[in-house]
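The chain contents come next:
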Amino acid sequence: MTDVKTYRVFFIFSAIFFTIIGGGLIVLSVTVDYNIAGHEFLTLSLAVVCAVQAYLVPQFIMNDERVKLIKQKAMSTGYFFIMGYSLIFMVLLQTKVIHLTALQLLGIFTALIVSTVFLLFVFFSKRY
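Quick caveat: nothing in here was measured; it's all calculated off a predicted structure.

(A) Molecular detail of the nonpolar core. The biggest cluster of nonpolar side chains holds 12 residues, and these are V49, V52, L56, F60, V67, I70, A74, V117, F118, L120, F121 and F124. Per element, the largest residue contribution to this core is 5 residues, and it comes from helix α4 (residues 102-127). Other than its neighbours up to four places away in sequence, V117 contacts A74 and M75.

Now the structure itself:
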């Protein structure tokens, strides 16, 4: 049981750390040159990953059939979210609603993918 508490404290500390770093990077990017590079969102997605892991570590530490089902469902559902994100970004870029560089787009897209899959872990852990 102490392992679970140790992991949970570590992940909570990491989530807070990555939130502070990601927020600081966004504030610095905006104040210095009014342009967000894109990698700031990846740091914030790491905060989401750590927060989800802190929540799910008691369940995921026992690698049983339920955990495998949760991971499988989240990954397969995440595929459809990725296709949706791609479609939305293509439409928004083609109609010139948003103007993003390739680096910004890849940063946002990657952060969305990572965050979505881990948030789906939480969703499916509640469901199953």
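From this point, the narrative continues.
(B) Spotlight on helix α2 (residues 39-60). Approximately 45 degrees is the largest bend angle found in α2, and it occurs at A54, with the proline P58 only one to four residues beyond. Residues of α2 that are buried: E40, T43, S45, A47, V49, C50, V52, Q53, A54, L56, V57 and F60.

(C) Local environment of unusual backbone geometry. The backbone of K96 shows a phi angle near 60 degrees, a positive value even though the residue is not glycine. Mapped onto the elements of the fold, K96 is located in the loop between α3 (65-94) and α4.

(D) Representation of a nonpolar patch on the surface. A cluster of nonpolar side chains, namely Y7, I61 and M62, defines an oily patch on the protein surface of about 290 Å² accessible area. Here I61 is to be found in the loop between α2 and α3. Classification of I61 as partly exposed rests on a relative accessible area of 42%.

(E) Here's a closer look at the packing of α2 against α4. Two elements in contact, α2 and α4, have axes separated by 9 Å at closest approach and are oriented at 15 degrees. The pairing of α2 with α4 is recorded here as roughly parallel in orientation. For the pair α2 and α4, the sense of crossing is left-handed. Where α2 abuts α4, its residues F41, L42, S45, V48, V49, V52, Q53, Y55, L56, Q59 and F60 lie against G107, I108, T110, A111, V114, S115, F118, L119, F121, V122, S125 and K126. When the residues that make up the contact of α2 with α4 are grouped by side-chain class, the tally is 15 nonpolar, 7 polar and 1 charged.

(F) Here's a closer look at the side chain of Q104. Assignment of secondary structure puts Q104 in helix α4. Those residues within four positions of Q104 in sequence are excluded, and the remaining contacts are N35, I36, A37, G38 and H99.

(G) Local environment of the packing of aromatic side chains. Evaluated as defined, the whole model comprises 9 aromatic pairs. Centroid distance Y79 to F80: 5.4 Å. Interplanar angle 75 degrees. Geometry classified as edge-to-face. Ring geometry for F123 versus F124: centroids 5.1 Å apart, planes at 75 degrees, classification edge-to-face. F123 gets classed as partly exposed once you look at its relative accessible area, which sits at 45%. Here F124 falls in the buried class, since its relative accessible area comes to 4%. The rings of F60, F118 and F121 are connected pair by pair, giving a single aromatic cluster. Over the aromatic face of F60 sits the side chain of K71, whose NZ or CZ is 5.2 Å from the ring centroid.

(H) Local environment of the packing of α3 against α4. Closest axis-to-axis distance for the α3/α4 pair is 8 Å, and the angle between their directions is 145 degrees. The way α3 lies across α4 gives a crossing that is right-handed.

(I) Region of interest: the side chain of T116. Tracing the sequence through the fold places T116 in helix α4. A relative accessible area of 11% means that T116 is categorised as buried. Looking at T116, its side chain comes within polar contact range of the side chain of Y85, at 2.6 Å.

Rules of the game
- Residues numbered from 1 in each chain as written.
- Predicted model: local features only at pLDDT ≥ 70, side-chain atom pairs only at ≥ 80, totals over all residues.
- Heavy atoms only, no water.
- Core = buried A, V, L, I, M, F, W, Y, C linked by side-chain atoms within 4.5 Å.
- Buried < 20%, exposed > 50% of the residue type's maximum accessible area, 1.4 Å probe, protein only.
- Helix = DSSP H or I, 4+ residues; strand = E, 2+ residues; numbered from the N terminus.
- Contact = heavy atoms within 4.5 Å.
- Bend = angle between axes of the 7 residues up to and from the residue.
- Patch = residues over 30% accessible without salt bridge, like charges linked within 9 Å, V, L, I, M, F, W, Y side chains within 5 Å.
- Areas by Shrake-Rupley, 256 points an atom, 1.4 Å probe, with all protein chains shown as cover.
- Salt bridge = Lys/Arg side-chain N within 4 Å of Asp/Glu carboxyl O.
- Axes fitted to C-alpha atoms, helices over the stretch in contact; angles between N-to-C directions.
- Parallel < 35°, antiparallel > 145°, perpendicular 65-115°, else oblique.
- Left-handed = near helix turned anticlockwise from the far one by under 90°.
- Nonpolar A, V, L, I, M, F, W, Y, C, P; charged D, E, K, R; others polar.
- Phe/Tyr/Trp six-rings, centres within 6.5 Å; stacked < 30°, edge-to-face > 60°.
- Lys NZ or Arg CZ within 6 Å of the ring centre and 35° of its normal.
- Polar contact = N/O pair within 3.5 Å; in protein donor to acceptor, adjacent residues only side chain to side chain.

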